[in-house]
2 protein chains.
Amino acid sequence: MPRVSDMKQRLTDAALDLMWENSYGTTSVDAICERAGAKKGSFYYFFKSKSELTVAALEAEWNKNKANMDGLFSPTIPPLERFDRYFDYVHDRLAELQEECGSILGCPLLSIGSEVSTQDKGVRATVDRIWDRKIKYFESAIRDAHAQGLIAAPDPEAKARALFACYHGTLAQARIQNDVGLIRDFKEVARDVLGVKQAHATSS
Amino acid sequence: MPRVSDMKQRLTDAALDLMWENSYGTTSVDAICERAGAKKGSFYYFFKSKSELTVAALEAEWNKNKANMDGLFSPTIPPLERFDRYFDYVHDRLAELQEECGSILGCPLLSIGSEVSTQDKGVRATVDRIWDRKIKYFESAIRDAHAQGLIAAPDPEAKARALFACYHGTLAQARIQNDVGLIRDFKEVARDVLGVKQAHATSS
DNA sequence: ACCTTAGTAGACCAACCGGTCAACTATTTT
DNA sequence: AAAATAGTTGACCGGTTGGTCTACTAAGGT
């Protein structure tokens, strides 16, 4: 098997970067190619459409982040602390990206998903699938917290979905208003949504 | 002043419909014209760009909804009940639209805002402005609820923003997954976010 | 050395994009 | 009735879009 290439990955990386910063619709195949240093021919050698590339890009992003997520939501960490760590991590990452590109970018799954959901079944299904995987982290943390009596969550799956939705709404609002503030303060909102029992002072 | 026309409104209506159902990017000027029964020339007679049309469309939508919002959030209604009524209203409306077009459409402010926020300052500012107006309804309801001792909300504005973000995240997730369920269940999540004190059974 | 195969190159396409413009029509004021 | 104004028309523009196609090249196996 002659000749190897990292072009496929360069294309998915470029696509996700551009779509995250701008949008699915305004990210043209030409622009993706240019950023990846590829020519049209290469693009359509690896992917048969922009839609298919997007599916691959989202899955690739998930694979990149999975190990990190596993670490943040490790069962060795107290359940409620897992959320704090995760929210802190996302906050820091988005703040870092804001320095680079001037904008709070929010979550690409939500931006892209919301944009194409009524038009592109493939991308929509992919967003859905990855979304569900991420919710699983929330779900088991919630179940653990419930088992330890830290919260009252008889239906961990529903609670996880609700919290996930609230979090993504916050990320979206932060993107629209270009303001990290909401993300920084989300930990407290999360405690309310989770129904954390004891009101323990965090600091100050 | 000769000749009157309702074309301007037909154009903003058409634009919002199409952008809500699909997206900003995929809604072409041609498509807007076709739905409004206008020709390109008329479009650019009333608006100097697609971006400006969008601003007008969002403001027009706000004006259409304002009276309704005023009714739902009337100070004559007990504060927490205002939220219930509002959430019910949005749920019913989205469910109705789903019958028509097959999809849960979420909130156009979020969809459009998230899509164009990094690229179009005018539209972004408009979304921001309307967003703030809507939050005011939440804010005063929260303040009233706090005054009546129903909830503990020392910072009503922050609480309002948080609840608004959570709600929109739920609407976005409902759009992506094309599922009304989350919206139907949001009232309970809202109670958690608001920190409603007494656990009163609603029904069943 | 040469064949096979994975990957690259870039010219090319029709359709569509947002936007312009000059000519035209309908309506009200004078 | 005619002038002034508000609105309409549709041909037209250059650039871009997603996507195709054929010719090519680099590398591993034999």
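Our structure's up above, just so we're on the same page.
Residues numbered from 1 in each chain as written. Chains lettered and ligands numbered in written order. Predicted model: local features only at pLDDT ≥ 70, side-chain atom pairs only at ≥ 80, totals over all residues. Heavy atoms only, no water.

Trainee: Tell me about the interface of chain B and chain A, residues and numbers included.
Mentor: Tallying the contact residues gives 41 residues for chain B and 41 residues for chain A. Taking both partners together, chain B and chain A bury about 3200 Å²; carbon and sulfur atoms supply 52% of that area. The interface formed by chain B and chain A holds four salt bridges in total. Two residues, B:Asp179 and A:Arg161, come together in a salt bridge whose shortest N-O distance is 3.6 Å. Our count for the contact surface shared by chain B and chain A stands at 17 residue pairs in polar contact (both at pLDDT 80 or more). Among the elements of the structure, α6 (108–116), α7 (121–147), α8 (156–177) and α10 (186–194) of chain B are those that each provide at least two residues to the side of chain B that touches chain A. Among the elements that line the side of chain B that touches chain A, the one with the most residues is α8(B), at 14 residues. (Contact = heavy atoms within 4.5 Å. Buried area = accessible area lost by both parts, 1.4 Å probe. Salt bridge = Lys/Arg side-chain N within 4 Å of Asp/Glu carboxyl O. Polar contact = N/O pair within 3.5 Å; in protein donor to acceptor, adjacent residues only side chain to side chain. Helix = DSSP H or I, 4+ residues; strand = E, 2+ residues; numbered from the N terminus.)

Trainee: How would you summarise a negative patch on the surface if you had to cite specific residues and measurements?
Mentor: All names here are of chain A. Among the surface-exposed residues, Asp 92, Glu 96, Glu 99 and Glu 100 lie close enough to one another that they form a single negatively charged patch. Relative to the assigned elements, Asp 92 resides in helix α5 (residues 79–101). Exposure remark for Asp 92: the relative accessible area of 47% places this residue in the partly exposed category. (Patch = residues over 30% accessible without salt bridge, like charges linked within 9 Å, V, L, I, M, F, W, Y side chains within 5 Å. Areas by Shrake-Rupley, 256 points an atom, 1.4 Å probe, with all protein chains shown as cover. Lys, Arg positive; Asp, Glu negative; His and termini not counted. Charge placed at Lys NZ, Arg CZ, Asp CG, Glu CD. Buried < 20%, exposed > 50% of the residue type's maximum accessible area, 1.4 Å probe, protein only.)

Trainee: Run through unusual backbone geometry, naming residues and quoting values.
Mentor: All names here are of chain A. Located in the positive-phi region is Asn 178, a residue other than glycine, with phi close to 50 degrees. Considering the arrangement of structural elements, one finds Asn 178 in the loop between α8 (156–177) and α9 (181–184). A relative accessible area of 25% places Asn 178 in the partly exposed class.

Trainee: Residue-level account of the pattern of salt bridges, with values.
Mentor: For the structure shown, the criterion picks out 28 salt bridges over all chains. In this structure, A:Arg82 engages A:Asp144 in a salt bridge whose closest nitrogen and oxygen atoms are separated by 2.9 Å. In this pair, A:Arg82 sits in helix α5 while A:Asp144 sits in helix α7 (residues 121–147), placing the two residues 62 residues apart along the sequence. In this structure, B:Asp17 and B:Arg35 form a salt bridge, with 3.0 Å as the shortest nitrogen-oxygen distance. Pair noted here: B:Asp17 is in helix α1 (residues 7–21) and B:Arg35 is in helix α2 (residues 29–36), with a separation of 18 residues, a long-range link. On the basis of relative accessibility, which here comes to 37%, the residue B:Asp17 falls in the partly exposed class. Linked through salt bridges whose partners overlap, the residues forming this network are A:Glu59, A:Arg129 and A:Arg133.

Purely geometric numbers; function is a separate question.
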